[in-house]
Amino acid sequence: MTATVRWLRKQLAGIVALVLVAGMFAASRLPESSATERAELASGYGFEPLSIALPSGFPQQEIREVNKDYQHIDAWISSVGAGIAMNDIDGDGLANDLCVTDPRIDKVVVTPAPTGRADRYSPFALTTGGLPMTDVTAPMGCAPGDFNEDGRMDLLVYYWGRTPTVHLALPDAPGLSAAAFRAVELVPDVGTTSYTGPQWNSNAVALADFDGDGHLDIYLGNYFPHGPVLDGSVSGGVAMNESLSNASNGGEDYFFRWTGADAGPEPSVRYQRLDDVLPTDLSKGWVLASSATDVDGDQLPELYLAQDHGRDAMLHNRSTPGTIAFEPVLGANAPGLPKSKRIGADSFKGMGVDFGDLDRDGLYDMFVSNITTPFGIQESNYQFMATAGSTSELRARLRSGEAPWTDRSTETGTAWGGWCWDVKLADFTNRGELDIAQATGFLKGEVNRWPQLQELATANDLTVADPAWWPHVTKGDDIAGSQRLRFFAPEGDGRYVDIAGELGLDVPVPTRGIAIGDADGDGRLDLAVARQWDQPVFYRNTAPESGAFLGLKLAHDDPETPGVLPAPGSPVVGAQVTVTTPDGRTLLGGVDGGGGHSGKRSTDVHIGLGENVTGPVWVHLRWRDRTGQVREQELQLTPGWHSLRLGERAKEK
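Note that this is a predicted model, so its numbers are computed, not measured.

1. Considerations on the side chain of Gln 633
Here is step 1: Relative to the elements of secondary structure, Gln 633 occurs in strand E38 (residues 630-637).
Here is step 2: There is a polar contact of 2.7 Å between the side chain of Gln 633 and the backbone nitrogen of Ala 650.
Here is step 3: With residues near it in sequence (within four places) discarded, Gln 633 still touches Val 619, His 620, Leu 621, Trp 623, Arg 649 and Ala 650.

Listed below in structure tokens is the structure:
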């Protein structure tokens, strides 16, 4: 017997195992679309990249100054803060205004979308007037909403280093500028000449009528524990996560219940802060994203929290007017189901979340972004598909404590996208199916730090809470820095294909927030993207074969408020829309108050109807009026844009 034969016999078990593994991989591997198939699918889409105008004259930075104990990971600490929102801020009837948080200048900028009417006003940075500020504060996001109910769009800004500010539109402003807003505190008593309030580090906001009283409430999620994260003059006073998968030592989360407001030349708004709505382990999770939607049809929005270093949470709304209450629900356990694929028990890095009916069965599904980098940290995204047979069954199962959704991301081709952040589900070609736009990437530089990050990912949880054990991640280091925006399009049979490359969206720059809205009123949804440490970009939708659509601007039937600045109406956040097409399809939509990571979609409702719809469709509206009363109405509406006032009844404006 030759040496070669003896060696082969000795290695036979290993060779057989490798053959079996290779065979099973080949047999189980999901089919991939060819370049030709992707190009054909992409031919129905189109996006034109346009530059977003920003004000000049502000000092530029490439990294933030941080607490002395964290200077060796200052690039890691500086990896968030790029955000973008799209809405109608100037009251011209179009979602053609952007609110951008730009880490390069650490300012919040309001600027017109670069469409046909981009010269309506000059870009400007919001100011805080006489509110006390510090030089260790950085804005993390901007959430539009009509907080004082005068029919004009206001702006909520949340920060690392302080509590949020609310910028209320002034009714007699002749147009949009920094002087068109009055800045007020969301949290009172934080100082007069100098800031003496808590140093919150906020990264997630969801706006909704949580208690069903007819007014807009606020969920605010904090990431780091309250402390001087961005204060380079001090050492200590900040804590890292005590685990990479089960940490509950982050900053507390808060709900703010609307209690009153004033319009007029000195507008104001009042909220009651609620500290104990969530269990402590969830309230002190490391939340990066949140989204609120009424999934069970009772006009009380559920809330999903995407936690970076611990268990995500699906919260069933049990509120009553004046009292905000939620109950966490769990996905059903099943043989062979990994813990990390179970809602409420996972250990993946939740970075973004959105709701939408992906399979058009009349029930809301959920998409959650995680870190999904091959040969890096390869978790998976979640495409949680509803398993209930009806809304009433869904409601009953939620009340019993069960979350009836199952992850199908592997089967559908959406499991892996990179180091994923914000995600938005929307129909960009009006064919009646939702696409999935997803931000990706972490730090762009020249030195690859993946090996050191892998060491940290496999370290004992007893070490990760100490910043000294973290690898050096500073200016010039790279972790997933060349990852590209993902754009998953449905190709039939429930599967999705990433066609970002075919659409010219795959720029190798880390992205964070995604905003969606129809900026030019042509019925096609446009896309705005915030990039971390780079210029934001606007993608005008140029889809060549767009189907019919139904667009709804739903506003409360409030008394008209006088003023020079137009008041198009206060969006009925949480209103639900169910469309039945002539061929029997059921399509869902609603007024989103603003959720996700750092991108906020318009409050307009947009539902693609498909190419075959040419006449009226049946529309079922369900909403709460200003008294908190649930209202319902059936309407027959033609495709196109409609403005409706919702009070006791719906009436076209």
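This is not the end of the story, as more comes after the structure.
2. A closer look at the nonpolar core
Here is step 1: Ranked by internal contacts, the top residues of the largest apolar core, which has 103 residues, are Phe 147, Trp 419, Phe 487, Leu 527, Leu 552, Leu 554 and Leu 621.
Here is step 2: Taken domain by domain, the makeup of this core includes at least three residues from each of domain 1 (40-541) and domain 2 (548-652).
Here is step 3: Beyond its immediate stretch of four places on either side in the chain, Leu 552 contacts Val 577, Asp 604, Val 605, Val 619, Leu 621, Leu 637, Trp 641, His 642 and Leu 644.
Here is step 4: One finds Ala 289, Ala 306, Val 329 and Phe 348 within the second-largest nonpolar core, a separate group that totals 22 residues.

3. Overview of the pattern of salt bridges
Here is step 1: Applying the stated criterion across every chain, the model contains 38 salt bridges.
Here is step 2: Here Asp 498 ties to Arg 486 by a salt bridge, and the two come within 2.8 Å at their closest N and O atoms. With Asp 498 in strand E28 (residues 495-498) and Arg 486 in strand E27 (residues 486-492), this pair connects stretches of sequence that are 12 residues apart.
Here is step 3: Overall, the relative accessible area of 21% leaves Asp 498 in the partly exposed class.
Here is step 4: A salt bridge links Glu 632 to Arg 622; the shortest N-O distance between them is 2.7 Å. Taken together, the residues Glu 632 in strand E38 and Arg 622 in strand E37 (residues 617-624) connect sequence positions 10 residues apart.
Here is step 5: A relative accessible area of 42% places Glu 632 in the partly exposed class.
Here is step 6: Each of Asp 90, Asp 92, Asp 97, Arg 117 and Arg 120 takes part in one network of salt bridges that share partners.

4. Topic: the environment of Leu 505
Here is step 1: With respect to the helices, strands and loops of the structure, Leu 505 is situated in the loop between helix H10 (500-503) and strand E29 (511-517).
Here is step 2: Residue classification places Leu 505 among the buried positions, given a relative accessible area of 2%.
Here is step 3: Note: C-alpha distance between Leu 505 and Gly 322 (183 residues apart in sequence) is 45 Å.
Here is step 4: Those residues in contact with Leu 505 that sit more than four places away from it in its chain are Phe 47, Leu 485, Phe 487, Ala 500 and Tyr 539.

5. A few points about the pairing of strand E16 (residues 313-317)
Here is step 1: Here E16 lies mainly inside the structure; five of its five residues are buried.
Here is step 2: Taking every second residue as pointing to the same face, both faces of E16 are buried, with Ala 313, Leu 315 and Asn 317 on one and Met 314 and His 316 on the other.
Here is step 3: Relative to E16, strand E15 (residues 302-307) is paired through three bridges, and the arrangement is antiparallel. Opposite Leu 303, over in E16, you have Leu 315 as the bridge partner.

6. Considerations on the sheet that holds E15
Here is step 1: Taken in spatial order, the five strands of this open sheet run E14-E15-E16-E17-E21, and their pairing is mixed. Looking at which strands have only one partner, the edges of the open sheet turn out to be strand E14 (287-293) and strand E21 (402-403).

7. Quick notes on the domain arrangement of the chain
Here is step 1: Partitioning the chain into domains gives domain 1 (40-541) and domain 2 (548-652).
Here is step 2: Averaged C-alpha coordinates put domain 1 and domain 2 at centres separated by 23 Å.
Here is step 3: Across the boundary between the two partners, domain 1 contributes 78 residues, which contact 51 residues of domain 2.
Here is step 4: Of the roughly 4,500 Å² buried where domain 1 meets domain 2, counting both sides, 49% is carbon and sulfur surface.

8. A word on unusual backbone geometry
Here is step 1: Within the chain, Phe 375 stands out as a residue other than glycine whose phi angle is a positive 60°.
Here is step 2: Tracing the backbone through its elements, the reader meets Phe 375 in the loop between strand E19 (365-369) and strand E20 (382-386).
Here is step 3: With relative accessibility at 83%, the residue Phe 375 sits in the exposed group.
Here is step 4: You will see that Asn 430, though not glycine, has its phi angle at about 60°, which is positive.
Here is step 5: Its place among the elements puts Asn 430 in the loop between strand E23 (420-426) and strand E24 (435-440).

9. Quick notes on the sheet that holds strand E39 (residues 640-646)
Here is step 1: In space, the four strands of this open sheet follow the order E36-E32-E39-E40, with mixed pairing throughout. One side of each edge strand has no neighbouring strand; the edge strands of this open sheet are strand E36 (605-610) and strand E40 (650-652). Within this sheet the neighbouring strands show an average axis-to-axis angle of 30°, counted without direction.
Here is step 2: The sheet contact formed by E39 and E40 spans three bridges and is antiparallel. Directly across from Arg 645, in E40, lies its bridge partner Lys 651.

10. Overview of helix H8 (residues 450-457)
Here is step 1: Among all positions of H8, only Trp 450, Leu 453 and Leu 456 are buried. An end-on view of H8 places all buried positions within 115° of arc, on one side of the element.
Here is step 2: Contacts made by the buried residues of H8 are with helix H4 (74-77), strand E25 (447-448), helix H9 (461-464) and strand E26 (477-478).

About the criteria used
- Residues numbered from 1 in each chain as written.
- Predicted model: local features only at pLDDT ≥ 70, side-chain atom pairs only at ≥ 80, totals over all residues.
- Heavy atoms only, no water.
- Helix = DSSP H or I, 4+ residues; strand = E, 2+ residues; numbered from the N terminus.
- Polar contact = N/O pair within 3.5 Å; in protein donor to acceptor, adjacent residues only side chain to side chain.
- Contact = heavy atoms within 4.5 Å.
- Core = buried A, V, L, I, M, F, W, Y, C linked by side-chain atoms within 4.5 Å.
- Buried < 20%, exposed > 50% of the residue type's maximum accessible area, 1.4 Å probe, protein only.
- Domains from an automatic or database assignment.
- Salt bridge = Lys/Arg side-chain N within 4 Å of Asp/Glu carboxyl O.
- Pairing = 2+ DSSP bridges.
- Buried area = accessible area lost by both parts, 1.4 Å probe.
- Axes fitted to C-alpha atoms, helices over the stretch in contact; angles between N-to-C directions.
- Arc of directions from axis to C-beta.

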